[in-house]
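# Structural description and commentary
For reference, the chains in residue letters:
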Amino acid sequence: MPERSFDGLHVAMIMDGNGRWAQARGWPRLAGHRAGAETVRRMVEAAPGLGIGTLTLYAFSADNWKRPQDEVAGLFRLFARYMRQEADKLRRQGVKFEVIGRRDRLPGPLVSLIEETEAATSAGSRLRLRVAVDYSSREAILRAAASGARDRASFHAALGPDVDLLIRTSGEQRLSDFLLWECAYAEFSFLDVAWPDLTESGVRAALDDFRARDRRFGAVHPARVQALR
Ligand code: IPE
Ligand code: IPE
Ligand code: MG
C-alpha cells in the first residue's frame with residue numbers, strides 16, 4: 001500500500017533529560033518518565049497547530065536495555081498506560097499511531113497493545129505519530145538492506161520520511177543512533193530544557209528559528225548566485 005502523505009513538517013524529537021529532571025528534585029528517575037509522558041500528550045495535541053504533519057518521538061533505544069531492569073519495566077508500564085489512556089483520543093484527533101523499532105524483544109502484552117492501538121488509529125490523516133521503541137537506526141538501515149533495499153527510493157520506503165527538524169532536549173548534542181539516514185539534511189535544535197519541561201511555546205520558538213534558516217541542500221541560494229568572472 002503506498003504511503004499516505006501527511007501535510008506538514010516532519011519533526012523528530014529525542015525526549016531526553018527525564019532522569020536528571022527527577023533526580024534534581026530528589027525524586028526517582030521514574031517520576032521523570034511519568035512527567036515526560038505528560039509532555040508527550042502536550043506535544044501530540046500541539047503538533048497539528050504548529051504545522052507538524054509527522055512527529056517521530058524517541059522513547060526507548062536499543063541501547064536503553066542497558067538500564068536497570070526496574071527502570072526498563074517502568075518505562076514499558078508507562079508506555080502501555082499511554083496507549084490505553086490515549087487510543088480513543090488519538091483516533092478522535094485524527095492521529096495515526098505507529099511504532100518503529102524491533103518488536104521481538106518486547107513483552108508480548110505490550111506488542112498486542114501496540115498492534116491494537118495502531119489498528120484503532122489507522123485511518124488518522126491529520127498527524128502521523130511515530131514512536132521509536134527498541135529502536136536503533138543502524139539496525140533499521142541494516143534490516144532495510146537485508147530486505148532488498150538497494151537505492152535511495154527503496155531505503156526511503158523502508159525507513160520513512162526525511163526529517164525536517166530534529167529537536168533534542170536536555171542539552172545533549174548527539175543523535176544516539178536515531179534516524180541517521182533520515183536526518184541527512186535535517187536541521188537541528190538542541191534545547192537546554194529537560195523533556196518534562198518542554199512546552200508548546202518552546203517548540204514554537206524552535207520552529208520559528210527553523211523556518212528562518214536557509215536550507216540549501218548543497219545548492220547556492222538563488223539570490224546569491226553571481227557571475228564567477
Ligand atoms: C529520556 O530521559 C528517556 C529515555 C531515554 C527512556 P533519560 O532517562 O535519558 O534522562 P537522563 O538523560 O538520564 O536525564
Ligand atoms: C536517547 O537518549 C534515547 C532516548 C531518548 C529514548 P539516551 O539518554 O539513552 O542517550 P545517551 O545515552 O545520552 O546518548
Ligand atoms: Mg538521557
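Before reading on, note that the structure itself is shown above.
As the structure is a computational prediction, the values presented were derived from the model and not from experiment.

Scanning the protein chain for helices and strands turns up seven helices and six strands. The helix and strand sequence of the protein chain, counted from the amino end, reads β-α-α-β-α-β-α-β-α-α-β-β-α. Whereas a compact globule of 229 residues would reach a radius of gyration of roughly 17 Å, the protein chain reaches 18 Å, a difference of no more than 12%. Counting only C-alpha atoms and orienting by the principal axes, one finds that the protein chain spans roughly 65 × 45 × 35 Å. Restricting to contacts in the protein chain with at least 6 residues of sequence separation, those with at least 24 account for 76%. When the accessible surface of the protein chain is summed, it comes to about 12,200 Å², and 51% of that surface belongs to carbon and sulfur atoms. Across the protein chain, the mean location of the 35 positive side-chain charges is 1 Å away from that of the 30 negative side-chain charges.

Residues in close proximity to ligand 2 include Ile14, Met15, Asp16, Tyr58, Ala59, Phe60, Asn64, Arg67, Arg168, Arg174 and Ser176, which together make up its full environment. Aspartate 16 is positioned with one of its side-chain polar atoms (N or O) 3.2 Å from an oxygen atom of ligand 2. Contact distances for ligand 2 include 2.6 Å between an oxygen atom and a side-chain N or O atom of serine 176. Here ligand 2, which alone exposes 390 Å², has 78% of that area covered by the protein. At three residues, the largest contribution of residues to the shell around ligand 2 is made by strand S2 (residues 52–61). Among the residues making up the shell around ligand 2, the classes are represented as five nonpolar, two polar and four charged.

Taken as a whole, this structure holds 26 salt bridges when the rule is applied. Residue glutamate 98 pairs with arginine 128 through a salt bridge whose shortest N-O separation is 2.7 Å. On the criterion of sequence distance, the pair formed by glutamate 98 in strand S3 (residues 95–100) and arginine 128 in strand S4 (residues 127–135) is long-range, its members being 30 residues apart. Accessibility classification places glutamate 98 together with arginine 128 in one group, the buried group. The partner of glutamate 187 in a salt bridge is arginine 213, and the shortest N-O contact between them spans 3.0 Å. In this pair, glutamate 187 sits in strand S6 (residues 187–190) while arginine 213 sits in the segment after helix H7 (200–211), placing the two residues 26 residues apart along the sequence. Of the residues examined, glutamate 187 reaches a relative accessible area of 17% and is grouped as buried. Given a relative accessible area of 26%, arginine 213 falls into the partly exposed group. Each member of the salt-bridge network shares a partner with another, and the members are Asp16, Arg20, Arg168, Glu172 and Arg174.

What counts and how
- Within any chain, residue numbers begin from 1 and follow the written order of that chain's sequence.
- Naming scheme: in the order in which they are written, chains are lettered from A and ligands are numbered from 1.
- Under the rules for a predicted model, residues below a pLDDT of 70 receive no local features and side-chain atom pairs below 80 are neither given nor counted, while totals for whole chains, interfaces and linings still include all residues.
- Side-chain numbers here rest on the full set of heavy atoms in the structure, without hydrogens or water.
- A helix here means a DSSP run of H or I that spans at least four residues, while a strand means a run of E at least two residues long, and both kinds are numbered starting from the N terminus.
- As a reference, a globule follows 2.2 Å times the number of residues to the power 0.38, and the radius of gyration itself is taken over C-alpha atoms.
- Note on contacts: a residue pair is in contact if any heavy atoms of the two residues lie within 4.5 Å.
- Accessibility throughout is a Shrake-Rupley quantity obtained with a 1.4 Å probe, and a residue counts as covered only by protein chains that appear here.
- In this tally, Asp and Glu contribute negative charge and Lys and Arg positive charge; neither His nor the terminal groups of the chain are included.
- Taken as the charge location is NZ of Lys, CZ of Arg, CG of Asp or CD of Glu.
- Summary of the distance rule: residues count as near a molecule or strand when at least one heavy atom falls within 4 Å of that molecule or strand.
- Side-chain atoms alone can form a polar contact between residues adjacent in sequence; in general such a contact is a pair of N or O atoms within 3.5 Å, and within protein one must be able to donate a hydrogen while the other accepts it.
- Residue classes follow a fixed rule: Ala, Val, Leu, Ile, Met, Phe, Trp, Tyr, Cys and Pro count as nonpolar, while Asp, Glu, Lys and Arg count as charged, and any other residue, Gly among them, counts as polar.
- When a carboxyl oxygen of Asp or Glu lies within 4 Å of a side-chain nitrogen of Lys or Arg, that pair is called a salt bridge.
- A 1.4 Å probe rolled over the protein chains alone gives each residue an accessible area, and that area as a share of the maximum for its type sets the label: buried under 20%, exposed over 50%, partly exposed in between.

Remember, this is a structural readout, not a statement about activity or role.
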